Amino acid sequence: MTTKPAHSTTVLRAIHIINVLSESRGPQSISDISEQLGYSQTVVHRLLQTLKSEGLVIQDSKSKLYSLGSAFLSYANKLLADMPLAPVIDPWLTELRDATKETVGFYVPAGQYRVCTIEHESQEEIRRSVGVGKRLPVYKGASGRAILAFEPKDIQEKIIQTLPEEEREDLVYKLEQTARDGFATNEGEISANVSALSAPVLDHKERVIGAMSISGPSFRWNRETMQEYIPQLLKATAEITDSLR
């Protein structure tokens, strides 16, 4: 007779709440979380207060809505620092920064978001700065699409369905273009007068694990000036992927 391993219901419920906050578009209320999970609002409130006390969630003082806390950024940074991936990626980022004179970064997927985990800023006086730990929508911007275009179709569809109907067709078209070209670009899409070029990094099973990005002010870094460096970026992501096989 096989004995099932014991699980803590409280811990599992707390993990489910964290997953909801990770995958949801924007902060959530107690009633939102309760409805999605089928837990009573009393249970959700109690668990949120515990998670909040440990910095795992934060609550906006005005809206009273909950989001993931800054503790997860520390975990992500620690994970990346301990992973053998960082030493492989970093030299390529430095090389791309030196070649383009623009800011370079590496983003990893995190549910409906992407998180900047490595960044080397441009040395130019006017430059783009994102900040390690910054979280941005995965459906928006060059590095977001470079990740999402190579995610499984069910994940793509789940994120597409969170968008207003008028945005869905445009995103589908851009994802198809990114998957075909192997890279993505944007000009002024997230920040005015800032442009970016990005390509995905895949693991040995062809799963996307992140995206390398080059970004800078549009007067200097734009779709015309990017063209020269697309082969170098694709070479970098291809060699990193090969090293992980």
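Rules of the game
Residues numbered from 1 in each chain as written. Predicted model: local features only at pLDDT ≥ 70, side-chain atom pairs only at ≥ 80, totals over all residues. Heavy atoms only, no water. Core = buried A, V, L, I, M, F, W, Y, C linked by side-chain atoms within 4.5 Å. Buried < 20%, exposed > 50% of the residue type's maximum accessible area, 1.4 Å probe, protein only. Helix = DSSP H or I, 4+ residues; strand = E, 2+ residues; numbered from the N terminus. Contact = heavy atoms within 4.5 Å. Salt bridge = Lys/Arg side-chain N within 4 Å of Asp/Glu carboxyl O. Pairing = 2+ DSSP bridges. Axes fitted to C-alpha atoms, helices over the stretch in contact; angles between N-to-C directions.

## Observations concerning the nonpolar core
And then number 1: By size, the foremost hydrophobic cluster in this structure holds 23 residues, and its most contacted members are Ile89, Leu93, Leu96, Phe106, Leu197, Met212 and Ile240.
And then number 2: Those elements giving two or more residues to this core turn out to be α5 (85–100), β3 (103–110), β4 (113–120), β7 (194–202), β8 (208–217) and α10 (230–243).
And then number 3: Not counting residues up to four positions away in its chain, the partners in contact with Leu93 are Val104, Gly105, Phe106, Ile118, His120 and Met212.

## Here's the deal with the pattern of salt bridges
And then number 1: Throughout the structure, instances matching the rule amount to 8 salt bridges.
And then number 2: For Glu102, the salt bridge goes to Arg220, with nearest N and O atoms at 2.7 Å. Here Arg220 lies in the loop between β8 and α9 (223–226) and Glu102 lies in the loop between α5 and β3, a separation of 118 residues in the sequence.
And then number 3: A residue is classified by how much of its surface remains accessible, and Glu102, at 2% relative accessible area, is buried.
And then number 4: For Arg220, a relative accessible area of 23% puts it in the partly exposed group.
And then number 5: Between Asp170 and Lys174 there is a salt bridge, with the nearest N and O atoms lying 3.3 Å from each other. Of this pair, Asp170 and Lys174 both sit in helix α8 (residues 165–181), 4 residues apart, roughly one helical turn.
And then number 6: Residue classification places Asp170 among the partly exposed residues on the basis of a relative accessible area of 39%.
And then number 7: Assessed through its relative accessible area of 26%, Lys174 is described here as partly exposed.

## Concerning the sheet that holds strand β5 (residues 135–137)
And then number 1: The strand order across the open sheet built from 6 strands is β5-β4-β3-β8-β7-β6, with neighbouring strands paired in antiparallel fashion. Across the chains shown, the open sheet's two edge strands, defined by having one partner strand only, are β5 and β6 (184–187). Here the average twist between neighbouring strands, direction ignored, is 30 degrees.
And then number 2: Helix-sheet contacts for α10 involve β7 and β8, and the interaxial angle to β7 is about 30 degrees.

## Looking at unusual backbone geometry
Across the chain, the bulk of peptide bonds are trans and the bulk of non-glycine residues have phi less than zero.
And then number 1: Phi at Lys101 is positive, roughly 70 degrees, even though this residue is not glycine.
And then number 2: One can find Lys101 in the loop between α5 and β3.
And then number 3: If you check the backbone angles, Glu206 has positive phi at about 65 degrees while not being a glycine.
And then number 4: Looking at the element boundaries, Glu206 is found in the loop between β7 and β8.

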